[in-house]
Amino acid sequence: MTASLPHQGPWPDEPDRPAEDRRHMIRRRSLTLLIIVLLIGIPAGYLVISANQSRDSGKDKEAKYSATGLTEGWPSKLQRRIYQVPVPHPAWHVAYYETNNWKTSRLYTQFETNAAGLDAYLTGLGVTRKDLKQGDVTIGARDRKVTGWKFATTDSWYGFVHRQKNPAPTHDVIVDLSNPAYPWVYVVSRTVP
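Residues numbered from 1 in each chain as written. Predicted model: local features only at pLDDT ≥ 70, side-chain atom pairs only at ≥ 80, totals over all residues. Heavy atoms only, no water.

- The chain has the name Sugar kinase in an unreviewed UniProt entry, where Streptomyces tibetensis is given as its organism.

Right under this line is the structure:
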């Protein structure tokens, strides 16, 4: 048989604490619950949001890199800078496709613009309309096959090749001026890594 331990009494100088009333107890428990929810709920919510964003990003990248032809939309700013393709504003029906291998990287771009946009694009390349040669289809058969571009022999096609010293890219450009107010521009920018 064990002896029971005596209960410790209050400190001699300390007054007795009043019993906790019901309102104070509910407030204390509510505050504790709020703290637990904030400490667990916010990080858990952040993880769920982050996982969804990561999954969506992977799907976007998968779609981008599994493309086998022109993709509607603007090339990224980085692509436009690397390949030196200054897509003008305004531009409509913009589409692009990028290929990379150990020998050559290419960015295929097409867009429709207005007359001022064409002039701005040509100025961005460092050329003028005088450099356009009528009937000159400068984009090769291989590149036309990759993109599906078909250039019939007409008087409305103008082209030029903008050669630059490596590592700057070379541009094969064709402009369709069948509607001079809204020309179409087709560009193959290739660079050697």
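On we go.
**Digging into the environment of Asp176**
- Its location among the elements puts Asp176 in strand β6 (residues 170–176).
- For the pair formed by Asp176 and Gly159, sequence separation is 17 residues and the distance between their alpha carbons is 8.8 Å.
- In this structure, Asp176 is in contact with Ser156, Trp157, Pro183, Trp184 and Tyr186, ignoring residues within four places of it in sequence.
- One polar contact links Asp176 to Ser156, side chain to side chain, over a distance of 3.4 Å. (Helix = DSSP H or I, 4+ residues; strand = E, 2+ residues; numbered from the N terminus. Contact = heavy atoms within 4.5 Å. Polar contact = N/O pair within 3.5 Å; in protein donor to acceptor, adjacent residues only side chain to side chain.)

**Observations concerning the UniProt feature "transmembrane region" (unreviewed entry) in the chain**
- Residues annotated in UniProt with the feature "transmembrane region" (unreviewed entry) correspond here to residues 31–49.
- The annotated region residues 31–49 carries 100% helix and 0% strand content, and the separation between its end C-alpha atoms amounts to 26 Å. (UniProt positions renumbered as here; feature names shortened; annotations may be inferred.)

**Thoughts on the nonpolar core**
- Residues Phe111, Tyr121, Leu122, Phe160, Val173, Val175 and Val185 are the most contacted members of the largest nonpolar core, which totals 20 residues.
- Broken down by element, this core gets its largest block of residues, 4 residues, from helix α3 (residues 115–125).
- Those residues in contact with Val173, other than ones at most four positions away along the chain, are Tyr121, Leu125, Thr138, Tyr158, Gly159, Phe160, Val185, Tyr186 and Val187.
- Among the nonpolar cores identified, the runner-up in size contains 9 residues, and Tyr97, Phe151, Trp157 and Tyr186 belong to it. (Core = buried A, V, L, I, M, F, W, Y, C linked by side-chain atoms within 4.5 Å. Buried < 20%, exposed > 50% of the residue type's maximum accessible area, 1.4 Å probe, protein only.)

**Re the sheet that holds strand β1 (residues 71–72)**
- Overall, antiparallel pairing links the 7 strands, which are arranged β1-β2-β3-β7-β6-β5-β4 in an open sheet. Both outer strands of the open sheet, β1 and β4 (133–134), are each paired with one neighbouring strand and no more.
- Judged from the 2 bridges that link them, β1 and strand β2 (residues 91–100) form a sheet pairing that is antiparallel. Looking at β2, one finds that Thr71 is bridged to Tyr96.
- Where α3 meets the sheet, it contacts β3 (105–113), β5 (157–162), β6 and β7 (184–191), and its direction lies at approximately 165 degrees from that of β6. (Pairing = 2+ DSSP bridges. Axes fitted to C-alpha atoms, helices over the stretch in contact; angles between N-to-C directions.)

**Looking at the pattern of salt bridges**
- Tallying each qualifying case throughout the model produces 4 salt bridges.
- Linking Asp172 and Arg190 is a salt bridge whose minimum nitrogen-to-oxygen distance equals 2.5 Å. Placement of the pair is Asp172 in strand β6 and Arg190 in strand β7, with a sequence separation of 18 residues.
- Residue classification places Arg190 among the partly exposed positions, given a relative accessible area of 25%.
- Several salt bridges converge on common partners, so that one network encompasses Arg106, Arg142 and Asp143. (Salt bridge = Lys/Arg side-chain N within 4 Å of Asp/Glu carboxyl O.)

**A short note on the pairing of β2**
- Of the pairings in the sheet, the one linking β2 to β3 comprises 8 bridges and is antiparallel in character. Among the inter-strand pairings, Asn100 is bridged to a residue of β3, identified as Ser105.

**Topic: α3**
- When α3 is considered as a whole, its buried residues turn out to be Gly117, Leu118, Tyr121, Leu122 and Leu125. On an axial view of α3, the arc spanned by its buried residues comes to 135 degrees, and they lie on one face. Exposed residues on α3 whose side chains face more than 90 degrees from its buried face are Ala116, Thr123 and Gly124. (Arc of directions from axis to C-beta.)

**Here's the deal with the packing of aromatic side chains**
- The full count for this structure, using the stated rule, is 10 aromatic pairs.
- Where Trp92 meets Tyr182, the ring centres are 5.7 Å apart and the plane angle is 65 degrees; that geometry is what we call edge-to-face. Of the two residues, Trp92 sits in strand β2 while Tyr182 sits in the loop between β6 and β7, which places them 90 residues apart along the sequence.
- On the accessibility criterion, Tyr182 (41% relative accessible area) is partly exposed.
- Ring geometry for Phe111 and Tyr121: centres 5.5 Å apart, planes at 70 degrees, overall edge-to-face. (Phe/Tyr/Trp six-rings, centres within 6.5 Å; stacked < 30°, edge-to-face > 60°.)

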